[in-house]
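# Structural overview for review
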Amino acid sequence: MSFIKTLLLGVIVISISCKGVKEENPKTAIQKAENQLSFLLQDAEKANLIPRTIDKTGNLHWTHLNFDWTEGFFPGSCWYLFEETKDEKWKKAAEKFQDMFQEHKYKTTNHDLGFIFNCSFGNGFRLTKNKAFKEVMITAADSLLTRFNPVVGCIKSWDTDKGWQSQRGWKFPVIIDNMMNLELLFKVSEFTNDPKYKEAAVTHANTTIKNHFREDNSSVHVVDYDSENGAVRGKYTAQGAADDSSWARGQAWGLYGFTITYRYTRDKVFLEQAEKIAHYIINFKETPKDGIPYWDYQASKIPNEPRDVSAAAITVSALLELNNFSDQDFGPAIDKIMNSLASDQYTAQLGENKHFILKHSVGSIPHGNEIDVPLNYADYYYLEALVRYKKK
Ligand code: GLY
């Protein structure tokens, strides 16, 4: 065999064994992210508030003090930076900002406790083994579990007695995002040796497979159930383009949620579901070559529609975990999305973008909220992905 042929074969073997995940960019990207979030931390310290996004006038917009589904992400980002840098500054910041909402562990009026407490106190416990953090997570899981209805087989996402949710005629709405609240339940079953949290999570995941997914493996956003008999009353969207469209972040939440459910159950049904969602996302024809999706896969004016970088960040973090479980190779998709996110197109220059890391995310177009802005959860999942990518 000629030298060139041997060399080529060697390169092919190496790329197959590395599953395409490159080694060179995460360190610099993490350093860049740390520099940027150091500025954001100064802003947050000055205001004594948790940063969420940029408002319509271009100013920093903070999380609501009484409850905000995004309040766990900034302290969560601080925990990831502590993990990477071992700088006590980030640990102190994470502790300070998560303490601001600790009392929300008692709230039983919303399903977002999993997001909130797993990203903040959950990362804190993972890194410090502080028993007080574990206790907070157990209380939050107990509050979350009050929303589980065994007849439906799901945790109720939203209450329907106030706000815009009260105007939709829903009784027991469950959104695909709710898959993200299960990680807290799985962890708390391990902490307490009580299977009830895990059992509820597994039931929720199975009901979601049954009712949220279409033939093409895309997911609807909202399934409304009859809480008396568990029947499906209807399928809708809240943040997507249409009831029968595929809201981009919803697909990402599903991918991430089923990957986690497989992590804790090792039940192949959940692995296969995650793989099917991954294929829907990765192979969607209208998604541009850089792998950053439009905010909804069926948005009516593609290619003149906003992208959603948050969906890409959540997706790539999930793919990095899924790639460890699956026989399939998601490496090329991971590399593509990671390289795009790290490029100047999506990563802000130091000191710009009101000190958030990533640009061009979408909160909710139907509600006219947070369109083409940075979002604290896009930054959180990107940092998580960078840490995972570096460990490869
Ligand atoms: N409910 C979480 C989201 O807007 O994606």
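Each remark here, short or long, concerns the structure printed above.
Residues numbered from 1 in each chain as written. Predicted model: local features only at pLDDT ≥ 70, side-chain atom pairs only at ≥ 80, totals over all residues. Heavy atoms only, no water.

This part is about the packing of helix H7 (residues 182–192) against helix H9 (residues 248–265). Packing of H7 against H9 brings their axes to within 9 Å, and their N-to-C directions diverge by 15 degrees. Considering the angle they form, H7 stands roughly parallel to H9. Remark: the crossing between H7 and H9 carries left-handed chirality. Mapping the contact onto sequence places Leu182, Glu183, Phe186, Lys187 and Glu190 in H7 and Tyr256, Ile260, Thr261, Arg263, Tyr264 and Thr265 in H9. Grouping the constituent residues of the contact of H7 with H9 by class yields 5 nonpolar, 2 polar and 4 charged. (Axes fitted to C-alpha atoms, helices over the stretch in contact; angles between N-to-C directions. Helix = DSSP H or I, 4+ residues; strand = E, 2+ residues; numbered from the N terminus. Parallel < 35°, antiparallel > 145°, perpendicular 65-115°, else oblique. Left-handed = near helix turned anticlockwise from the far one by under 90°. Contact = heavy atoms within 4.5 Å. Nonpolar A, V, L, I, M, F, W, Y, C, P; charged D, E, K, R; others polar.)

If you look at the biggest cluster of nonpolar residues, it comprises 108 residues, and the most contacted ones within it are Phe117, Leu185, Leu255, Leu319, Leu341, Tyr381 and Tyr382. Ranked by the residues each element gives to this core, the list is headed by helix H11 (residues 309–325), at 11 residues. Sequence-distant contacts of leucine 255, defined by excluding residues within four places in its chain, comprise Ala274, Ile277, Ala278, Ile281, Thr315, Ala318, Leu319 and Leu322. Counting residues in each nonpolar core, the second largest holds 7 residues, with Val152, Val220, Val223 and Tyr225 among its members. (Core = buried A, V, L, I, M, F, W, Y, C linked by side-chain atoms within 4.5 Å. Buried < 20%, exposed > 50% of the residue type's maximum accessible area, 1.4 Å probe, protein only.)

This part takes up the pattern of salt bridges. Think of it this way: side chains of opposite charge can pair up when their charged atoms draw near. For the structure on display, the rule yields 17 salt bridges. Lysine 187 is paired through a salt bridge with glutamate 183; the nearest N and O atoms lie 3.5 Å apart. On the criterion of helical spacing, the pair formed by lysine 187 and glutamate 183 is a turn pair, its members being 4 residues apart in helix H7. Each member of the pair, lysine 187 as well as glutamate 183, is classed as buried. We note a salt bridge from glutamate 321 to arginine 388, for which the minimum N-O separation is 3.7 Å. With glutamate 321 in helix H11 and arginine 388 in helix H13 (residues 376–391), this residue pair connects regions lying 67 residues apart in the sequence. Across the pair, exposure class does not vary: glutamate 321 and arginine 388 are buried alike. Members of the salt-bridge network, linked through shared partners, are Glu183, Lys187, Arg263, Glu321, Glu384 and Arg388. (Salt bridge = Lys/Arg side-chain N within 4 Å of Asp/Glu carboxyl O.)

Our focus in this paragraph is the environment of lysine 392. Relative to the helices and strands, lysine 392 resides in the segment after H13. It is 9.6 Å that separates the C-alpha atoms of lysine 392 and asparagine 324, two residues lying 68 residues apart in sequence. There is a polar contact of 3.4 Å between the side chain of lysine 392 and the backbone oxygen of leucine 320. (Polar contact = N/O pair within 3.5 Å; in protein donor to acceptor, adjacent residues only side chain to side chain.)

The buried fraction of H7 amounts to 8 of the 11 residues, a majority that puts the element mostly inside the structure. By the burial criterion, the buried members of H7 are Leu182, Glu183, Leu184, Leu185, Phe186, Lys187, Val188 and Ser189. Buried residues along H7 sit in contact with helix H5 (113–128), helix H6 (131–145), strand S4 (154–155), helix H8 (196–212) and H9. One or two positions beyond H7, positive phi appears at asparagine 193, with a value near 60 degrees.

With that settled, the discussion passes to the sheet that holds strand S6 (residues 222–225). Ordered by their spatial adjacency, 3 strands build an open sheet running S5-S6-S7, and the pairing between neighbours is antiparallel. One side of each edge strand has no neighbouring strand; the edge strands of this open sheet are strand S5 (172–175) and strand S7 (232–236). Taken over all neighbouring pairs, the strand axes of this sheet differ in orientation by 20 degrees on average, direction set aside. In the sheet, S5 pairs with S6 via 4 bridges, with the strands oriented antiparallel. Bridge pairing links valine 174 to valine 223 in S6. Most of the contacts of H8 go to S6, to which it runs at about 105 degrees, and overall it touches S5, S6 and S7. (Pairing = 2+ DSSP bridges.)

This next bit is on the site of the ligand. Taken together, Trp69, Asp177, Gln239, Trp247, Arg249 and Trp253 form the complete shell of residues around the ligand. Separating a nitrogen atom of the ligand from a side-chain N or O atom of aspartate 177 is a distance of 2.8 Å. Within the side chain of glutamine 239, a nitrogen or oxygen atom sits 2.7 Å from an oxygen atom of the ligand. Protein contact buries 93% of the 200 Å² of open area that the ligand shows by itself. Looking at the shell around the ligand residue by residue, the class counts come to 3 nonpolar, 1 polar and 2 charged. (Near = heavy atom within 4 Å. Areas by Shrake-Rupley, 256 points an atom, 1.4 Å probe, with all protein chains shown as cover.)

Just geometry here; none of it tells us what the structure is for.
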